[in-house]
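Coordinates in review
So the chains spell out like this:
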Amino acid sequence: MLSYRTTGYNGYGVQYSPFFDNKLAVATAANYGLVGNGRLFVLSIEPDGTIKQQNIWDTQDGLFDVAWSEIHENQVAVSSGDGSIKIFDIMVPQFPIQNYKEHTKEVFSVNWNLVDKGNFISSSWDGTIKLWSPQRQASILTLHGNTSSASVNPHMSETNPPKTHNQMGRSSAVDTTNCIYNATFSPHSPSTILSCNGSSHLQVWDTRAPSPLQMDFIAHGGLEVLSCDWNKYQSSVVASASSDKSVRIWDLRMLPTITSQAQSPITAYRTRTATPLAQLVGHQFAIRKVTWSPHSADELLSASYDMTCKVWKNLNSPNIQSSSFSTMACFGTMHLHREFVIGCDYSLWGEPGWAASTGWDEQVYVWDSKRLSH
Amino acid sequence: MNGAECGPSNALTKLQSHTAKDNSLQREFNRGFAGAPGQFRGVNVDRQLNQDFREFSQGGRPGVSRANVSLHTYADSPGLSLGRNIAPGGASQAHGASEKWVDDFAQLNIQKRDFGQRHAWEQSQRGDWQKQFMLQQSQQSQQGAMQNQQQRQNQYQGQYMGQYLNQNQFGRLGNDMIELSHSGMVNGLHDNSVFDDQFKQLERELQEQNAEQQQEQPEVVYEDVDNQGFSEAARDVRDAMLSSSGSTGVKFRNSDFFHLMESVAEKRVQISQDGKSLEQRASAPPASSVPQQQHPNHPRDSLKHYLPDPLSHVKDGALDDFNSPLAAAKAVSGNQVSTSDWIMDDDWLDMTAAPTPAAANASKTTALPERQKVNLMPAEWQEVYDDYRHDDDFQ
C-alpha cells in the first residue's frame, strides 16, 4: 500500500498513464471543490516504493476529472469547475498548452478516445457533451443530453420519469436534472459514447449518425447516475453507479434503441425502464465512480461517498461469459480513506489488480485489490 | 510602278528620293553622341576611358568622399558625361547636346556640387531669377519683382513667409511641415487634455454609479441569498452523514468535511464575498471545531488580516537569539516582562502555600517577592494540601 498526500487539495480524479506503469495524474480541488483553486498532480511511483510529485499545475478553479492523452505520453487533460478544459504537458511547467472554454457550467468528466486516440470528450452540468481534438481550438461536436430539447423523436417529451420525492425536495435548491456527470468512449468503437446524467438516464451516442442519440433508458429508477463505464472485453456490457448506492450492469443488446422505441406504441419511459444483468449492492452511500478492470471481464472497482472502495468480482467462474455477471459480488473493501472517495482507476501496465484511489482526505492510495479483505 | 518613276527627273522625284534615302547610319552616329549615361559621347571612345570615368564618378578617387552621395546621384542621372577627347559631331550634332555639354562641364566642378535636392533648387532658382529678371525688364520696377517673388513664395510659405525669406524652398517646406506637425501636436495635446478630462469625468461617474449600486445592494443581501442556500445544503449533508451508523457513521463524525458542513450549517463559516474561499463569520465563536486545512483559501488565512502580529516589532531572523524562555517572553511582550518578575518554578501557582523547604529552596533561585508568599490557611490545612499536591500516588 503506497500513499501520497495532496496537501491542501481534495482529490477528485485519478488515472494511471497509458504509457508508463509508474505515472499517475490526480485532479484535485481546494475546499472540497466548493470554492477555490484546483491543482493537477503528476505523480511518479519510485522503485523504492515511494510516490513522488513530478509536476503540479495550479488552476483558477477546482479540477474534477483527469484523462491522459492516448496519443501523447506527456499530455493530460483536466476538466474544471469554471467550465474550462485544459491540456497540460509535462514538459511545459506552470501553464496549460490548451485551454478550451465552451461549457457554461462545471465540467465533471473528461475522457480520451481509446480507439481513435485523436479526440476526447467532456461532459458538463450544462447538459452537453462536447467532442474535442487537441489540434483544434473549438469543439468538433456538441451533444445535448437533455433529450426533450434534442427532438430526436416525438416520444422524447415523455422520456422523463415521474420525479421521486427526494428529487422534488431538492429541485428547488440545486437542479441536477440535466447535469451529465460522466461520458466515456467505448473501447471498442471510435464513435460510440456512453453517458449518464442527473435524471437517471443512461444514454448511448454515435457521433457519426445524423441523430447521434442511439439509446436512452432510465438506469436507476429516477435517482442520479453518477458514473458509467464500458466493459473492456464485451462491447455491449456497461456498468452504471448511482446515488441509490448500487452498481448496475447492463447488456445494451437487451435494451430497445431509439428507433424501435419510436415505432413502439408503448409509452417511452416505460419501455426504457430496463432490467439490468446484475445489481451490486453493498455501499452505504452514493457511488461516485465505477470502472471496469482492464485485465478481467468480470471485475470492476467502485468508489463511494461511504469512504470506501469496493472490488466486485465474479467469484464463481473466471470465464468471460455474459451470464457470469449475475454472480458478481463484493470481493473486498478498501477502508483507508477518511473522507469521501471520489476517484479510482486500475493500473493498465502494472500487476493485474493494482489500483489507485483518491478522495477528499487529500490522499492518493495505490493498492492491490487482490489483497483486500472481504 | 507609277509614271513618275519611269519619267524624267523633276523636283518632286528628287524630294521623294531625298526623303527615302537611308541615312540610318548617320542617325546612329548622332544618337551615339547622346550616349548612355556615364559614358563618353562618341563612337570610337576607348573602353578603358569609360571604365575610368565610371570609377571616378562613383567616388573611387580619394578626396571626394564627402560628396559621394551627390556624385553617385549625378553619375546615375542622364546627361552627365565627360566630353573631352570627343570630336565634335559636325553639323548634324543636336543643339540639345551642346547644352548638355555645358551642364556637364559645370557639374564636373566637384567643389560646387551639393546634394541633388539643393542642385534642383538652384536650377529652379536660376530659372526663377531669370523669369524675375524678365519680369523686371517688362515692368521696369524693382518693387514689382519683389511682389512677384513674394507671390511665388507665398505658394510655399503661407503665413510664415517673412520668417523664411532667406531659406530655400525645401528648407522652408520642411520647416513648414515641422511647424505644421508641431501645431498639430499642440492641437493633439490640447485634444488629449480634453479627452483626459472627459475620461476622468466618466470614471468619476462610473465610480459614483458603482458606489450607489453597492449602497443599494448591501452585503447583507448577498449573504442572505448565497450563504443561506449554502447553509441549508450543508445542513442536509450534515444530517445525512449523521444518519449513518456503524463504522461508517464513526468515520463520518470524525470527518473534516462533516465538521465543515456542521460549521456552515451553524453559519460559523460562509462563502467569502468574492466567492473564491470560505471564511469565518466575524461574529462566529472561535474556530475550534472548524477543520484547519493548510491551503491558501482557508478561513484561517482571512483571519490574518484582523489579528495583530505579536512579533511585529521583532526583526526578521532575530528570534534565533532568544535562547531562553525569559528572553523570548521579553521579546514577545516588548520588554514588559522584567527579570524580577520571572519565576522558574511552577509553585507560583500556589499563592496560598507557606514556603515549604522545597519552595524555600526554589525561592532562593527565583526573584518572586516574598510579599506574595502569604499564608492564608492554617498550617494543618496547608500540610494536607501540600501532601495532596506533591503526592504522585494520589488517585
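All chains use their own residue numbering, which begins from 1 and follows the written sequence. Both sets of labels track the order of writing: A upward for chains, 1 upward for ligands. For a predicted model such as this one, the threshold for reporting local features is a pLDDT of at least 70, and the threshold for listing and counting side-chain atom pairs is 80 or more; totals across whole chains, interfaces and linings nevertheless cover every residue. Note that the side-chain values use all heavy atoms of the structure and ignore hydrogens as well as water.

1. Points about the interface of chain B and chain A
Counted only if it meets this: Note on contacts: a residue pair qualifies if any of its non-hydrogen atoms lie within 4.5 Å across the two residues. By buried area we mean how much accessible surface two parts lose on assembly, using a 1.4 Å probe and totalling the loss over both. N or O atoms closer than or at 3.5 Å make up a polar contact, with two conditions inside protein: a donor-capable atom paired with an acceptor-capable one, and, for residues adjacent in sequence, both atoms drawn from side chains. Strands are runs of DSSP state E lasting at least 2 residues, helices are runs of H or I lasting at least 4, and numbering of each runs from the N terminus.
Facing the 23 residues of chain B at the interface are 23 residues of chain A. When the two sides are added together, the surface that chain B and chain A hide from each other amounts to roughly 1800 Å², 61% of it contributed by carbon and sulfur. At the boundary of chain B and chain A, one finds seven residue pairs in polar contact (both at pLDDT 80 or more). Within the residue set of the side of chain B that touches chain A, elements represented by two or more residues are helix 10 (219-242), helix 11 (246-253) and helix 12 (256-265) of chain B. Here the side of chain B that touches chain A gets four residues from one element, more than from any other, and that element is helix 12 of chain B.

2. Observations regarding the sheet that holds strand 23 (residues 299-304) of chain A
Residue and element names in this part refer to chain A. Stated formally: Whether two strands pair comes down to DSSP finding at least two bridges between them. A fitted line through C-alpha atoms serves as each axis, taken over the contacting stretch for helices, and the angle formed by two N-to-C directions is quoted from 0 to 180°.
Pairing is antiparallel in the open sheet, where four strands are placed in the order 22-23-24-25. Each edge of the open sheet carries a strand with a single partner, namely strand 22 (287-292) and strand 25 (328-334). With direction set aside, neighbouring strand axes in the sheet form an average angle of 25 degrees.

3. Overview of the packing of aromatic side chains
Put simply, the rule reads: Aromatic contacts are taken between Phe, Tyr and Trp rings whose centres are within 6.5 Å, Trp giving its six-membered ring; a plane angle under 30 degrees counts as stacked, one over 60 as edge-to-face, and the others as tilted. The classification of residues rests on relative accessible area computed with a 1.4 Å probe and restricted to protein chains. Under 20% of the type maximum is buried, over 50% is exposed, and intermediate values are partly exposed.
In this structure the tally under the stated criterion is 21 aromatic pairs over all chains. Between F64(A) and F108(A), the ring centres sit 5.4 Å apart and the planes meet at 15 degrees, which makes this aromatic pair stacked. Of the two residues, F64(A) is situated in strand 6 (residues 63-68) and F108(A) in strand 10 (residues 107-112); the sequence distance between them amounts to 44 residues. Residue classification places F64(A) among the buried positions, given a relative accessible area of 7%. You can call F108(A) buried: its relative accessible area is 12%. Between the aromatic rings of F340(A) and F257(B), the centroid separation amounts to 5.3 Å while the plane-to-plane angle is 65 degrees, which identifies the pairing as edge-to-face. Of this pair, F340(A) sits in the loop between strand 25 and strand 26 (341-346) while F257(B) sits in helix 12, placing the two residues on different chains.

4. Section: the sheet that holds strand 15 (residues 192-197) of chain A
Residues and elements named next belong to chain A. The antiparallel open sheet is built from four strands, whose spatial order is 14-15-16-17. Lying at the two open borders of the sheet, with one neighbouring strand each, are strand 14 (180-185) and strand 17 (213-218). With strand direction ignored, the average angle separating the axes of adjacent strands in the sheet is 15 degrees. Two strands pair when backbone bridges link them, and strand 14 and strand 15 are joined in this way by five bridges, in the antiparallel orientation. Bridged to I180 within strand 15 is N197.

5. Observations regarding the nonpolar core
Formally: Think of a nonpolar core as a cluster: buried Ala, Val, Leu, Ile, Met, Phe, Trp, Tyr and Cys residues, connected wherever their side-chain atoms sit within 4.5 Å.
One finds Y305(A), F340(A), W360(A), F257(B), L260(B) and L278(B) to be the most contacted residues of the largest nonpolar core, which totals 30 residues. Contributions of two or more residues to this core are made by helix 10, helix 12 and strand 1 (269-271) of chain B. Sorting elements by how many residues they give to this core places helix 12 of chain B first, with six residues. The contact partners of W360(A), leaving out residues within four places of it in the chain, are N10(A), G11(A), Y12(A), Y32(A), E339(A), F340(A), I342(A) and F257(B).

6. Quick look at the pairing of strand 8 (residues 84-89) of chain A
All names here are of chain A. Within strand 8, six of the six residues are buried, which leaves the element mostly enclosed by the surrounding structure. Where strand 7 (residues 75-80) meets strand 8, five bridges bridge the pair, whose relative direction is antiparallel. Bridging across to strand 8, V76 finds its partner in F88. Between strand 7 and the antiparallel strand that follows it, strand 8, lie three residues; G83 among them carries a positive phi value of about 90 degrees. Bridging between strand 8 and strand 9 (residues 98-101) involves four bridges; their strand directions are antiparallel. When the bridges of strand 9 are listed, K86 appears paired with N99.

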